[in-house]
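# Architecture at a glance
Listed below, chain by chain, are the residues.
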Amino acid sequence: MKKDIIIAKQCGLQRAFFWYLVAVMAAGLLVVALSFILPDSWKEEVSCFGMSRHQVAVNVMIASIMVIVFGGVFIIGRRYDLKCPKCGRSIQGGFYSGLAITTGKCGHCGETIVEE
Ligand SMILES: [Zn+2]
């Protein structure tokens, strides 16, 4: 594995994670804003499970954010993950990527994984 690839993947991961956090915060703010915009008549109107239509709408929006949160982690993890060719464990995240870049070794098994 080349050092350049590990560095590029690490930079891509950080960039993707930044935009992921921006998207989650924007979605959260959108839910708060929409909960104020929803018509007041929805608060009295009982829809299902004894909840008002307003509560149902807010819960659906919160569930949508959960999909963004977990889906984003899954997609970013899949796209930017790097596995050690010797032990097969992830060398991305935590101190593992930094260790691989500086020492050329896997943080799990200690094998040399970076070729010059
Ligand atoms: Zn390893």
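As the structure is a prediction and not an experimental result, all values here were calculated from the model.

Packing of helix H1 (residues 3–37) against helix H4 (residues 96–103) brings their axes to within 10 Å, and their N-to-C directions diverge by 150°. As far as their axial angle goes, H4 and H1 are roughly antiparallel. As for how H1 packs across H4, the hand of that crossing is left-handed. From H1, Lys3, Ile6, Ile7 and Gln10 reach across to H4, where they touch Ser97, Ala100 and Ile101. Looking at the contact of H1 with H4 residue by residue, the classes come out as four nonpolar, two polar and one charged.

Two elements in contact, H1 and helix H3 (residues 53–80), have axes separated by 10 Å at closest approach and are oriented at 175°. On the basis of their axis angle, the class for H1 and H3 is roughly antiparallel. Considering only residue class, the contact of H1 with H3 consists of 17 nonpolar, four polar and one charged.

Right, let's get into the nonpolar core. Judged by nonpolar contacts, Ile6, Cys84, Ile91, Ala100, Cys106 and Ile113 together constitute the single largest core of six residues. Those residues in contact with Ala100, other than ones at most four positions away along the chain, are Ile6, Ile91, Lys105, Cys106, Gly107, Ile113 and Val114.

Thresholds applied
Residues numbered from 1 in each chain as written. Predicted model: local features only at pLDDT ≥ 70, side-chain atom pairs only at ≥ 80, totals over all residues. Axes fitted to C-alpha atoms, helices over the stretch in contact; angles between N-to-C directions. Helix = DSSP H or I, 4+ residues; strand = E, 2+ residues; numbered from the N terminus. Parallel < 35°, antiparallel > 145°, perpendicular 65-115°, else oblique. Left-handed = near helix turned anticlockwise from the far one by under 90°. Contact = placed C-beta atoms within 7 Å. Nonpolar A, V, L, I, M, F, W, Y, C, P; charged D, E, K, R; others polar. Core = buried A, V, L, I, M, F, W, Y, C linked by C-beta atoms within 7 Å. Buried ≥ 20, exposed ≤ 12 C-beta atoms within 10 Å, placed from the backbone.

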